Amino acid sequence: MRDIAFGQYYPTKSIIHSMDPRVKLILLVAFLVLTFCTLNYAALALVVACVASIVLLSKVPVKMYFKSLKMIVVIVLITSALNLFYGTGEPLWEWGFIKITLSGINNAVFVAARIISLILISSALTFTTSPTDLTDALERLMKPLTVFHVKVHEIAMMMTIALRFVPLLLEETDKIMAAQKARGADMESGNLVQRIKALVPVLIPLFVSAFRRAYELAVAMECRCYQGGQGRTRMKILTLHKSDYICTFIVILIIVGVVLCNVLLPHTLR
Amino acid sequence: MSAIRVENLCCTYGANTPFEQHAVKNVSFEIERGDFIGLIGHTGSGKSTLVQMLNGLIKPTSGKIYVEDNDIWSEPKNIRNIRFKVGLVFQYPEYQLFEETVEKDIAFGPSNMGLSVEEIENKVKNAAKFVGLSDTLLKKSPFDLSGGEKRRCAIAGVIAMDPDILILDEPTAGLDPVGRDVLLSQIAQYQKAKNNTVILVSHSMEDVARVTDKVMVMNKGQLKMFDKTDKVFSRCDELNEIGLRVPQITKVTDALKNKGFDIPEGILTVDKAVHVISELLKKEGKL
Ligand SMILES: Nc1ncnc2c1ncn2[C@@H]1O[C@H](COP(=O)(O)OP(=O)(O)O)[C@@H](O)[C@H]1O
Ligand SMILES: [Mg+2]
């Protein structure tokens, strides 16, 4: 259970780690949009090169990135295969009803490259930013929404707590499963109905303990006079550093580069 | 025939990751049938990992485990049978309770063994008696019990499977002093009545000294000592070196002995100490 690593935080020291989480979040969104605005190979190459350098700069072992790619490899294969066969124009190769055209190949390459860049760049964010920093940044960025009576602080607090509880509950599941297995519970064999039934001895204690933890946490927060976001000061004040400005500047340059590529060079995709 | 034999057992968590941890390193030992063994060691010394390997919940990274001379991983499909043979009570077992009534919860193990209804009933009754759960409690919901009762209910759930070897991982942790003493005596009584092999994991030296015949000492994943209880606790300095201490009463009697009083080594319980010292005083005509 504990092996499930959905882009878990990987603590080391790198330029990317030390960036302001708000800047990272904004640049991530900019990048995601950018990947889908690449219309020819030059623009795509620029984006891919940039993603690759971010991956390397993050100092997170490349193996970790491969792990997160492994989960979506099927999706990439299916979508690019579909694109491959649904191209238009002169067929390069034909076999029965299967036609492969140049535009099909182009589509497949672009789709694969875009999805992979997407995953890599989002993994880079979650690998280099701790969950608390991330929700902190979200809270700060969504602050203007308080004008519309959105409870930004409460939402962020809920996210932080939920994120904190995920590993705890996974650990708890492990423990309860082991304890029931020690009493001879059989979770590996049987048909679907039997397997679902076998989960009852795990789920009930898990719910009980989740409610207990939630209750205890609520009491603990109340004991420390927590009363929501109003008037709360911050322990960690986010400030922008020189590296944040530099990175933003570089990303702006890349955006300009991609736009120029798109404008000046012929489009591969229509 | 030995109850459990272990050869060069190793367990590594998170191999080939930055979080790699060698929890158990090259442990070998042999436990005879009917032995009452104490397993002591610091938090994080690998006790829980070791006992989970003994009943096949964790597969060792390397090394072999023999239960009654059969390699338990020779047929991974039959590992469930090993768990019926080697019953393991987890640390804080009260968090595994889930049934509507205490009775049904204790019956979970035996029903997984595929026994008949009468047999199950029988085993549940016996197990409840060993841990001192009354008939009225058996009909209650396990979530309505007190902490100590929940603990005993969970222990009964494992005893009900009638394992040849019973392992308890820190069964007295978090109980009040009276609850501890009662539970410990019940475990000792169970061991005597059945003459089963019992392994008691604990970091209370007093508990271990009171009931066990032999003691294993773990430190940083390695087995440091395995000997008769009084022998282990007479090695006070070595135990101190790895951050463990001997029972307080042993310290007192050892100090007396060093002062020149005629007292044997390795006295483990207060009762025994009272006896020895009053004998001594009588002999000197002071009592
Ligand atoms: N599921 C696990 N995953 C990773 N590391 C673990 C796991 N369980 C225990 N450990 C580590 O293994 C070591 C031994 O733990 P454990 O066997 O629980 O010791 P003890 O029961 O003596 O306190 C500890 O350092 C602990 O952090
Ligand atoms: Mg433990």
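Here, every reference points to the structure presented above.
All right, on to the overall build of chain A then. Broken down by element type, chain A carries 10 helices and 2 strands. Written out in order from the N terminus, the α and β elements of chain A read α-α-α-α-α-β-β-α-α-α-α-α. The dimensions of chain A, computed from C-alpha atoms along their principal axes, are 65 × 55 × 40 Å. Relative to its 270 residues, chain A shows a buried fraction of 36%. Sequence separation of at least 24 residues holds for 76% of the intrachain contacts in chain A that already meet a minimum separation of 6. With 27 positive and 16 negative side-chain charges, chain A shows a spacing of 3 Å between the two charge centroids.

The interface of chain A with chain B comprises 17 residues on the first partner and 22 residues on the second. Here chain A meets chain B over a buried area of about 1,700 Å², counting both sides, of which 63% is carbon and sulfur. Sorting the residues of chain A by area buried against chain B places Ala182(A), Arg183(A) and Gly184(A) first, and these three jointly supply 38% of that buried surface. Our count for the contact surface shared by chain A and chain B stands at 1 salt bridge. Between chain A and chain B we count 4 residue pairs in polar contact (both at pLDDT 80 or more) in total. Elements supplying a minimum of two residues to the side of chain A that touches chain B: α8 (152-182) and α9 (192-223) of chain A.

Glancing now at the packing of helix α5 (residues 73-85) of chain A against helix α6 (residues 102-128) of chain A. Residue and element names in this part refer to chain A. The contact between α5 and α6 brings their axes to 7 Å, and the two run at 160°. It follows from the interaxial angle that α5 and α6 lie roughly antiparallel. In terms of crossing hand, the pair formed by α5 and α6 is right-handed. Two secondary-structure elements touch here, α5 through Val76, Thr79, Ser80, Asn83 and Leu84 and α6 through Gly104, Ile105, Asn107, Ala108, Val111, Ala112, Ile115 and Ile116. Of the residues belonging to the contact of α5 with α6, the class tally is 8 nonpolar, 5 polar and no charged.

What follows concerns the packing of aromatic side chains. Applying the stated criterion across every chain yields a total of 5 aromatic pairs over all chains. Between Tyr41(A) and Phe110(A), the aromatic rings sit 5.1 Å apart at their centres with planes inclined by 55°, giving tilted as the arrangement. Taken together, the residues Tyr41(A) in helix α3 (residues 41-57) and Phe110(A) in helix α6 connect sequence positions 69 residues apart. You can call Phe110(A) buried: its relative accessible area is 1%. Relative to Tyr190(B), the ring of Phe130(B) has its centre 5.0 Å away and its plane inclined at 85°; by these criteria the two rings are edge-to-face. On the criterion of sequence distance, the pair formed by Phe130(B) in helix α4 (residues 117-130) and Tyr190(B) in helix α7 (residues 177-194) is long-range, its members being 60 residues apart. The exposure class assigned to Phe130(B) is partly exposed, which follows from its relative accessible area of 22%. For Tyr190(B), a relative accessible area of 1% translates into the label buried. Here the guanidinium or amino end of Arg5(B) rests over the ring plane of Tyr66(B), the centre of that ring lying 4.4 Å away.

Right, let's talk about the environment of Gln8(A) for a bit. All names here are of chain A. Among the structural elements, Gln8 can be located in the segment before α1 (15-18). Relative accessible area serves as the criterion here: at 38%, Gln8 is assigned to the partly exposed category. For the pair formed by Gln8 and Ala52, sequence separation is 44 residues and the distance between their alpha carbons is 19 Å. Gln8 has contacts with Thr126 and Phe127, leaving out every residue within four places of it along the chain.

Residue and element names in this part refer to chain B. The terminal C-alpha atoms of α7, which comprises 18 residues, lie 26 Å apart, in line with the 26 Å expected from a rise of 1.5 Å per residue. All of the buried residues along α7 are Leu183, Leu184, Gln186, Ile187, Ala188, Tyr190 and Gln191. Those residues of α7 that are buried are in contact with β3 (36-41), α4, α6 (147-159), β7 (165-169), β8 (197-201) and α8 (205-211).

Residues and elements named next belong to chain B. Close contacts around ligand 1 come from 12 residues, with Gln21, Gly44, Lys47, Ser48 and Thr49 the closest. The separation between a nitrogen atom of ligand 1 and a polar side-chain atom of Tyr13 is 3.4 Å. Contacts to ligand 1 include Gln21, whose side-chain N or O atom sits 3.0 Å from an oxygen atom. Considering ligand 1 on its own, with 560 Å² of exposed area, one finds that the protein chains cover 68% of that surface. Elements that contribute at least two residues to the shell around ligand 1 include exactly β2 (21-32) and α1 (47-54). For the shell around ligand 1, the leading source of residues is α1, giving 3 residues. In terms of residue class, the shell around ligand 1 is made up of 2 nonpolar, 8 polar and 2 charged.

Residue and element names in this part refer to chain B. The strand order across the open sheet formed by 4 strands is β2-β1-β4-β5, and the pairing between neighbours is antiparallel. Of all strands in the sheet, those bounded by a partner on one side alone are β2 and β5 (70-71). Where strand β4 (residues 62-67) meets β5, 2 bridges bridge the pair, whose relative direction is antiparallel. Considered in β5, the bridge of Tyr66 is made with Asp71. Most of the contacts of α1 go to strand β1 (residues 2-13), to which it runs at about 125°, and overall it touches β1, β2 and β4.

Along any regular strand, the residues point their side chains to alternate faces of the sheet. Residues and elements named next belong to chain B. The two faces of strand β6 (residues 86-89) match: Val86 and Leu88 on one face and Gly87 and Val89 on the other face are all buried. As defined by bridge partners, β6 adjoins β7 across 4 bridges and the pair is classed as parallel. Across the sheet, the residue bridging to Val89 is Leu168, located in β7.

The next subject is the pattern of salt bridges. Where charged atoms from two side chains of opposite charge approach closely, those side chains can pair. Residue and element names in this part refer to chain B. Taken as a whole, this structure holds 21 salt bridges over all chains when the rule is applied. Residues Asp262 and Lys283 are paired through a salt bridge, measuring 3.9 Å at the closest nitrogen-oxygen approach. A residue pair is termed long-range when its members are at least 10 positions apart, and Asp262 in the loop between α11 (248-258) and α12 (270-283) and Lys283 in helix α12 qualify at 21 residues. An identical accessibility class is assigned to Asp262 and Lys283; each is exposed. One continuous salt-bridge network, built from bridges that share partners, spans Arg5, Glu7 and Asp69.

Parameters at a glance
- Residues numbered from 1 in each chain as written.
- Chains lettered and ligands numbered in written order.
- Predicted model: local features only at pLDDT ≥ 70, side-chain atom pairs only at ≥ 80, totals over all residues.
- Heavy atoms only, no water.
- Helix = DSSP H or I, 4+ residues; strand = E, 2+ residues; numbered from the N terminus.
- Buried < 20%, exposed > 50% of the residue type's maximum accessible area, 1.4 Å probe, protein only.
- Contact = heavy atoms within 4.5 Å.
- Lys, Arg positive; Asp, Glu negative; His and termini not counted.
- Charge placed at Lys NZ, Arg CZ, Asp CG, Glu CD.
- Buried area = accessible area lost by both parts, 1.4 Å probe.
- Salt bridge = Lys/Arg side-chain N within 4 Å of Asp/Glu carboxyl O.
- Polar contact = N/O pair within 3.5 Å; in protein donor to acceptor, adjacent residues only side chain to side chain.
- Axes fitted to C-alpha atoms, helices over the stretch in contact; angles between N-to-C directions.
- Parallel < 35°, antiparallel > 145°, perpendicular 65-115°, else oblique.
- Left-handed = near helix turned anticlockwise from the far one by under 90°.
- Nonpolar A, V, L, I, M, F, W, Y, C, P; charged D, E, K, R; others polar.
- Phe/Tyr/Trp six-rings, centres within 6.5 Å; stacked < 30°, edge-to-face > 60°.
- Lys NZ or Arg CZ within 6 Å of the ring centre and 35° of its normal.
- Expected span 1.5 Å × (residues − 1).
- Near = heavy atom within 4 Å.
- Areas by Shrake-Rupley, 256 points an atom, 1.4 Å probe, with all protein chains shown as cover.
- Pairing = 2+ DSSP bridges.

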